[in-house]
Amino acid sequence: MCYNISNDFWQKMCIAIGTCKAVWRREMNERKMIMKTKGKLIAILLIYLGIAFSCIGFVLYMGISNKDNYVGDRTVTVYNIIVLLGVFFLVLAFGYIVPAIVKFSKGDFGICDEKKMMFALEKHLPDYETLMAGIYSVGIQTEIKQVFGKCSFDGEKLMPDENGTTLQVTKGKCAKFEVYVGITQHYLILSECKQYQHFYKFDDVPDLPEGTAVEIDACIPIQDIGNCFPLAEIQSCVLKKAGMGDVNCSITMKNGSLIKLKLPKNGGAGMPNHARYREAIIARLCAALPQQSV
């Protein structure tokens, strides 16, 4: 019996095998990072406990060995400080380090969780786009402008309206906030790690050229505005090295929107691919956009 297997089948098989390898590699990197971080936390725990018991043991030893001798007020003060220092390290050990080890053992990484980040970013992906890289970042300042045609605003969301006006929505924030940053072949994606408060401004702009405004066919909550940006619409991207290996990124869009981000050097144990993804995002911006780097 003869079987005729098309090239398309082999291509799909190769893609499936490549995907499995990538997932396996990511899982292995995550496990290595978790074990490495847990080892560091256990070492810190042992150091803190050693300091705490040494301080308290020293005071107990001195108290027992000098129980028949008079101890001056200054010496008592020194002993009290040493005991408080020991208690301080005990609080650090059992109040912070032990809970952190338990969380890592359960796979709970909080905001800095690569799986949680990928899920949050993929919700904002345009059709036919695939996420190439994603990282945890810190937003410094945003002033995002988007224009919507034939719509109305009811105080909470934009609604499609054939008799509506053309609205320019400005969404701004000057305080720092935590945000996931992702990139595809054609888009920059932002997804806030938590729900934050923003400044919103709505302006009627009826005389814009045709094709400038985006016509909507479904209601859009105002918190979902400003999550997806075409790379082709970015006018400039300024990259500057910051302290501790971080990189400050300032992006200006052709419509006047401004996005300022800090890209951290490390993402923690929950993001084993953070460094590689950060370099991929920076490389994509540098390759596709006019930019200045210092």
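Bear in mind the structure is a predicted one, so any value in this text is a computation, not a measurement.

Asker: Go over the overall build of the protein chain with me, naming the residues and quoting the values.
Answerer: Tallying secondary structure elements over the protein chain gives four helices and 13 strands in all. Counting only contacts in the protein chain whose residues sit at least 6 apart along the sequence, the fraction spanning at least 24 positions is 70%. Taken as a whole, the protein chain presents about 18200 Å² of accessible surface, with 59% of it coming from carbon and sulfur.

Asker: So what's going on with the packing of aromatic side chains? Which residues, and what values?
Answerer: What characterises a pair of aromatic rings is the spacing of the ring centres plus the angle enclosed by the ring planes. Going through the model one piece at a time under the given rule, you end up with five aromatic pairs. With a centroid separation of 4.1 Å and 20 degrees between ring planes, the pair formed by F153 and F202 is classed as stacked. Taken together, the residues F153 in strand 1 (residues 133-153) and F202 in strand 6 (residues 199-204) connect sequence positions 49 residues apart. Given a relative accessible area of 30%, F153 falls into the partly exposed group. Taken together, the ring pairs connect Y48, F88 and F89 into an aromatic cluster.

Asker: Any details on helix 2 (residues 73-106)? Residues and values, ideally.
Answerer: Compared with the 50 Å implied by 1.5 Å per residue over 34 residues, the 49 Å span of helix 2 between its first and last C-alpha is a close match. Helix geometry: helix 2 is bent most strongly at I97, by close to 30 degrees, with proline P99 lying one to four residues after it. Within the sequence span of helix 2, burial applies to Y79, I82, G86, F89, L92, A93, I97, A100, I101 and F104.

Asker: Run through the pattern of salt bridges, naming residues and quoting values.
Answerer: Counted according to the given criterion, the structure contains four salt bridges. Here E178 and K194 are joined by a salt bridge, their closest N and O atoms 3.9 Å apart. Remark: K194 occurs in the loop between strand 5 (187-192) and strand 6 and E178 occurs in strand 4 (residues 177-183); sequence separation between them is 16 residues. The class for E178 is partly exposed, based on a relative accessible area of 22%. Classification of K194 as partly exposed rests on a relative accessible area of 47%.

Asker: I'd like a description of the pairing of strand 4, backed by residues and values.
Answerer: The buried fraction of strand 4 amounts to six of the seven residues, a majority that puts the element mostly inside the structure. Note that strand 1 and strand 4 share seven bridges and pair antiparallel. The partner of S137 across the bridge, within strand 4, is V179. Here strand 4 pairs with strand 5 via five bridges, running antiparallel. Of the residues in strand 5, the one forming a bridge with V181 is L190. In this antiparallel pair of consecutive strands, strand 4 and strand 5, the connection spans three residues.

Asker: Would you mind going over the environment of L263 in detail, with residue names and values included?
Answerer: One can find L263 in strand 12 (residues 258-263). Here L263 falls in the buried class, since its relative accessible area comes to 2%. The spatial distance from the C-alpha of L263 to the C-alpha of H274 is 10.0 Å, given a sequence separation of 11 residues. Excluding residues that lie within four positions of it along the chain, L263 makes contacts with I135, S137, D246, V247, C249, R278 and I282.

Basis of the calculations
Residues numbered from 1 in each chain as written. Predicted model: local features only at pLDDT ≥ 70, side-chain atom pairs only at ≥ 80, totals over all residues. Heavy atoms only, no water. Helix = DSSP H or I, 4+ residues; strand = E, 2+ residues; numbered from the N terminus. Contact = heavy atoms within 4.5 Å. Areas by Shrake-Rupley, 256 points an atom, 1.4 Å probe, with all protein chains shown as cover. Phe/Tyr/Trp six-rings, centres within 6.5 Å; stacked < 30°, edge-to-face > 60°. Buried < 20%, exposed > 50% of the residue type's maximum accessible area, 1.4 Å probe, protein only. Expected span 1.5 Å × (residues − 1). Bend = angle between axes of the 7 residues up to and from the residue. Salt bridge = Lys/Arg side-chain N within 4 Å of Asp/Glu carboxyl O. Pairing = 2+ DSSP bridges.

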